[in-house]
Amino acid sequence: MTYQIKCPTSPDKHEVAKGRRKTWAVNLRSPKIIWAGDGNKSKRRFFETQAEAQAFVDMVNHAQRNGGAVVDSYEKTIGAAIEMREAFLKQRVEAGDIAWHTYDVDLRDTVQWKEHFANMLPSDLLTSHIQQVVNPWTIKRKTAKRKLRALWHAFEKCREMKWVEPNAPNPVTGVVMFTNKHHKTEDEARRSVDKIQAYTHEQIKRVVETALKRDAEYNSRQSVRRQRKLKKYERDCSLIGHNGGPSIDPSEKFTQLASEGLAIYFAFKTGLRWGEQFALKWQDINFEDSAINIRVSIHKAECGVSVYEPKTKLAVRSVVLPDQLKAKLKEWRLLTKWAGDDDLIFPTRAGTIHQEAKNISRRFLKPACAEAGVDPIRWHDARHYHASFLLEEFGTDWIFIADQLGHYSADFTRRQYGHWVKKKKQSFKDDAARFSQASSF
């Protein structure tokens, strides 16, 4: 049963007698509702505002669907606010406002706070309480900030419901995340600096050439097998005759040739996000104008993946198709089984869409790195590398770089990716010469 709210024509007389003019009513007729703690199990609830009543209904409906317990709204606890936040996130993902992966992460980050503050009143929650939970964390700073943001939203829900004073500070804003900077040994400090050093162009070139060579070797073996099958098919047809020959052309059973090396090359040359690249179809490639049109992207769904709008509005864009990559794509279109405008450029061997980056990275990118003698590279590092290449070659045209990467600003691009390319050794010599000429001693 889904519960609704309604507004009576006049305030409930019992509520008025108690000095509370609560006009928004919620009827609870099902005996199947499970209440948390000592919640009031009355069949009717009253609220002063429609927003408060709607939030309570969302919480009850969410608990009913998921077989959980309903927290009494009169308790006005952090746990109740978290339940309302859960219901709000559920509404957003059902309406298609956010991706399922975003909903899944936000939900886990929100629910985890129940373990610590479910029964605490919002007015009693202090920054020190949250600090005690955060201090033992060993997770990355970005992840910690995301989890704290989830609690921040839950407390803001309390403010929206008027469970705290309008001017009451959000205790999450005062939480400090400590970073160990001064208790490291010299070796640890040097290693921490080395981690941010990027891959050189020569290393990336070796990885790409190795990946393309692995493609070529596999495709060469497959071509030999195809020729053998075709010869056997033609021989059988000539022996049996036209009417009694094989009914299925063996070429229809051939497996897809390898394109993973080309996909790795494509990633380094274009810098597309993984979901954008593997959602591309041949209709998105404009060979005449040397452009790649990004219109959709792969997103993780509750079951498998789905294809819809990219990450942001600015992610819908057109990027440059380099001549070397254009030539290789034309060659690949002549070889692939799926070369129609509506076919994927980089499908799986079965012609389906790739489910995640981990699979292709583990099976093809890391082996290519090992064979090339380069430290393992993540798939997303190809985007970092391409961004740094753009900064190095087109450093004065910030708008062009931001457009190529689908970023909202060029300043974000520089802050995010500027450290990924090592400064050329020759440039240090040039800078040293300029310093020497500028100084008089």
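Residues numbered from 1 in each chain as written. Predicted model: local features only at pLDDT ≥ 70, side-chain atom pairs only at ≥ 80, totals over all residues. Heavy atoms only, no water.

**Describing the overall build of the protein chain**
For step 1, the next point in the chain: For the protein chain, the helix and strand inventory stands at 17 helices and eight strands.
For step 2, the next point in the chain: Within the span of the protein chain, comprising 441 residues, buried residues form 40% of the whole.
For step 3, the next point in the chain: Pairs at least 24 apart in sequence give 64% of the contacts found in the protein chain among residues at least 6 apart.
For step 4, the next point in the chain: Working note: accessible area of the protein chain is about 26400 Å², and carbon and sulfur atoms make up 51% of it. (Helix = DSSP H or I, 4+ residues; strand = E, 2+ residues; numbered from the N terminus. Buried < 20%, exposed > 50% of the residue type's maximum accessible area, 1.4 Å probe, protein only. Contact = heavy atoms within 4.5 Å. Areas by Shrake-Rupley, 256 points an atom, 1.4 Å probe, with all protein chains shown as cover.)

**Observations concerning the packing of aromatic side chains**
Given two aromatic rings, one states the distance between the centres and the angle between the planes to describe the pair.
For step 1, the next point in the chain: All told, the structure shown has seven aromatic pairs when counted by the stated rule.
For step 2, the next point in the chain: Consider the rings of W113 and F117, whose centres lie 5.9 Å apart with planes at 10 degrees: the pair is stacked.
For step 3, the next point in the chain: In this structure W113 comes out as buried when scored by relative accessible area, which is 1%.
For step 4, the next point in the chain: Since its relative accessible area comes to 4%, F117 is described here as buried.
For step 5, the next point in the chain: Taken together, the ring pairs in this structure connect F266, W274, F278, F346 and W379 into an aromatic cluster.
For step 6, the next point in the chain: It is K157 that lies over the ring of F88; its NZ or CZ is 5.9 Å from the centre.
For step 7, the next point in the chain: Taking NZ or CZ as reference, R349 lies 4.5 Å from the ring centre of Y218, over its face. (Phe/Tyr/Trp six-rings, centres within 6.5 Å; stacked < 30°, edge-to-face > 60°. Lys NZ or Arg CZ within 6 Å of the ring centre and 35° of its normal.)

**A word on unusual backbone geometry**
Trans peptide bonds make up the majority, and among non-glycine residues the majority have a negative phi.
For step 1, the next point in the chain: Phi at K162 takes a positive value of approximately 65 degrees, unusual for a residue other than glycine.
For step 2, the next point in the chain: Mapped onto the secondary structure, K162 falls in the loop between α7 (141-160) and α8 (186-194).
For step 3, the next point in the chain: Residue K162 is classed as exposed on the basis of its relative accessible area of 66%.
For step 4, the next point in the chain: Phi is positive for S290, which is not a glycine, with a value near 55 degrees.

**What to know about the pairing of strand β5 (residues 291-294)**
For step 1, the next point in the chain: A two-sided burial pattern is seen for β5, the buried positions comprising A291 and N293 on one face and I292 and I294 on the other.
For step 2, the next point in the chain: Pairing of strand β4 (residues 285-286) with β5 involves two bridges; the strand directions are antiparallel. Residue pairing across strands places N286 opposite A291, the latter belonging to β5.
For step 3, the next point in the chain: In this antiparallel pair of consecutive strands, β4 and β5, the connection spans four residues, and S290 shows a positive phi of 55 degrees. (Pairing = 2+ DSSP bridges.)

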